[in-house]
Amino acid sequence: MKVQLLVSKWCPTCPQAEQIWGEAAGRVPMEYEVLDVGERDGRELVSKLRIKTVPAVIIDGTLRTVGVQPLGEVLKLLGAAA
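Predicted, not measured: the structure shown is a model, and the values here were computed from it.

Reading guide: rules and limits
Residues numbered from 1 in each chain as written. Predicted model: local features only at pLDDT ≥ 70, side-chain atom pairs only at ≥ 80, totals over all residues. Heavy atoms only, no water. Buried < 20%, exposed > 50% of the residue type's maximum accessible area, 1.4 Å probe, protein only. Helix = DSSP H or I, 4+ residues; strand = E, 2+ residues; numbered from the N terminus. Pairing = 2+ DSSP bridges. Right-handed = clockwise from strand over helix to strand, strands pointing away. Contact = heavy atoms within 4.5 Å. Arc of directions from axis to C-beta.

**Section: the pairing of strand S3 (residues 56–59)**
A regular strand carries its side chains on alternate faces of the sheet.
And then number 1: Side-chain alternation along S3 places Ala 56 and Ile 58 on one buried face and Val 57 and Ile 59 on a second face that is also buried.
And then number 2: Inspection of the sheet shows strand S1 (residues 2–7) paired to S3 by four bridges, in the antiparallel sense. From the neighbouring strand, Leu 5 faces S3, where its bridge partner is Val 57.
And then number 3: Judged from the four bridges that link them, S3 and strand S4 (residues 62–66) form a sheet pairing that is antiparallel. For Val 57, the partnering residue across the bridge sits in S4 and is Thr 65.
And then number 4: In this structure, the hairpin formed by S3 and S4 is closed by a connection of two residues, where Asp 60 is found at a positive phi of approximately 50°.

Listed below in structure tokens is the structure:
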């Protein structure tokens, strides 16, 4: 499973999302990547998936959620995606 977290430098909630998803990555086997929407790879993904807000989570190429979720919700989402 490939999980990509889209963030930006100006986003006030993105650091919290990075912390939660980073913890989840330590518990659930996945290919985990954080992409900044200000960088080329991040911009390409935002354009391709027409993402309007960050933090945004892409699992296996599909936008699954936006915003910050508690760790329990993140683990449920990962269990459903597996």
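Let's pick the thread back up.
**Things to note about the pairing of S1**
And then number 1: With five of six residues buried, S1 is to be regarded as a mostly interior element.
And then number 2: Inspection of the sheet shows S1 paired to strand S2 (residues 31–36) by six bridges, in the parallel sense. Bridge pairing in S2 places Val 3 opposite Tyr 32.
And then number 3: In this fold, the crossover linking S1 to S2 by way of helix H1 (residues 14–27) has right-handed handedness.

**Examining the environment of Leu 49**
And then number 1: Along the chain, Leu 49 falls in helix H2 (residues 40–49).
And then number 2: Since its relative accessible area comes to 23%, Leu 49 is described here as partly exposed.
And then number 3: C-alpha separation for the pair Leu 49 and Gly 61, spaced 12 residues apart in sequence, amounts to 8.7 Å.
And then number 4: Once residues lying within four places of it in the same chain are set aside, the contact partners of Leu 49 are Ile 58, Gly 61 and Leu 63.

**Notes on H2**
And then number 1: Of all the residues in H2, the buried ones are Gly 42, Leu 45 and Val 46. Along the long axis of H2, the arc covered by the buried residues comes to 100°, so they all point the same way. Opposite its buried face, H2 presents the exposed residues Arg 40, Ser 47 and Lys 48, each directed more than 90 degrees away.
And then number 2: Here the buried face of H2 lies against S1, S2 and S3.
And then number 3: Backbone geometry just downstream of H2 places Arg 50 in the positive-phi region, at approximately 55°.

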